[in-house]
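Descriptive structure summary
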Amino acid sequence: VQLQAFGGGLVQAGGYLRLSCGAPDDTLSLYVMGWFRQAPGKEREFVATISRAGVRRYYADSVKGRFTTSRDNAKNTVFLQMDKVKPEDTALYYCAARESVTGATFLRESDYPYWGRGTEVTVSS
């Protein structure tokens, strides 16, 4: 599956930004979706994941309470709402997909075989 994350940009600390992730074909509803980010000079890290139906969501501790992931399967789109952003949220943000496994939660980069090109988020202080 081909993915594309978009919606990044420059935002002031304390502000908000909404990222989206889509695919050219109508298949996103078949996959568990994950959000990851990679800051300059650092390894890529988990941000959030959402189940196929959007019922189960998990977040990294660093973004819990500030970021919300959701999805609109009818529109073949997954979202990452970023509120109260901090300078340390500056990174290249990626969306990723994988097949669902009943009862399983996927928090590792290696869990996801399908990746899109990232979108850059810069938070100014």
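Refer to the structure presented above.
The text that follows walks through the structure, step by step, so that each part is easy to find. From a predicted model like this one, the values you see are computed outputs, not experimental measurements. (Residues numbered from 1 in each chain as written. Predicted model: local features only at pLDDT ≥ 70, side-chain atom pairs only at ≥ 80, totals over all residues. Heavy atoms only, no water.)

Overview of the state of the cysteines
Under the defined criterion, the tally for this structure stands at one disulfide. Here C21 engages in a disulfide with C95; their sulfurs sit 2.1 Å apart. Across the S-S bond of C21 and C95 the torsion is about 65°, and the bridge reads as right-handed. Here C21 is found in strand 3 (residues 17–22), whereas its partner C95 is found in strand 9 (residues 91–99), with 74 residues between them in sequence. No difference in accessibility class separates C21 from C95, as the two residues are buried. (Disulfide = S-S within 2.5 Å. Helix = DSSP H or I, 4+ residues; strand = E, 2+ residues; numbered from the N terminus. Buried < 20%, exposed > 50% of the residue type's maximum accessible area, 1.4 Å probe, protein only.)

What about the packing of aromatic side chains?
In this structure the tally under the stated criterion is six aromatic pairs. Aromatic pair Y31 and Y114: ring centres 5.7 Å apart, planes at 75°, arrangement edge-to-face. In this pair, Y31 sits in strand 4 (residues 31–38) while Y114 sits in strand 10 (residues 114–117), placing the two residues 83 residues apart along the sequence. Y31 gets classed as buried once you look at its relative accessible area, which sits at 12%. Consider the rings of Y94 and W115, whose centres lie 6.2 Å apart with planes at 75°: the pair is edge-to-face. Of this pair, Y94 sits in strand 9 while W115 is found in strand 10, placing the two residues 21 residues apart along the sequence. By relative accessible area, Y94 is classed as buried at 13%. Within the aromatic cluster, the residues linked to one another by ring pairs are F36, F46, Y94, Y112 and W115. (Phe/Tyr/Trp six-rings, centres within 6.5 Å; stacked < 30°, edge-to-face > 60°.)

With respect to the side chain of S51
Examined against the element boundaries, S51 turns out to sit in the loop between strand 5 (45–50) and strand 6 (57–59). Aside from chain neighbours lying at most four places away, what touches S51 is R56 and R71. (Contact = heavy atoms within 4.5 Å.)

Topic: the pairing of strand 10
In terms of strand pairing, strand 1 (residues 3–6) meets strand 10 through two bridges, oriented parallel. Counterpart to Q4 in the pairing with strand 10 is R117. As defined by bridge partners, strand 9 adjoins strand 10 across two bridges and the pair is classed as antiparallel. The residue of strand 10 that forms the bridge with A96 is W115. (Pairing = 2+ DSSP bridges.)

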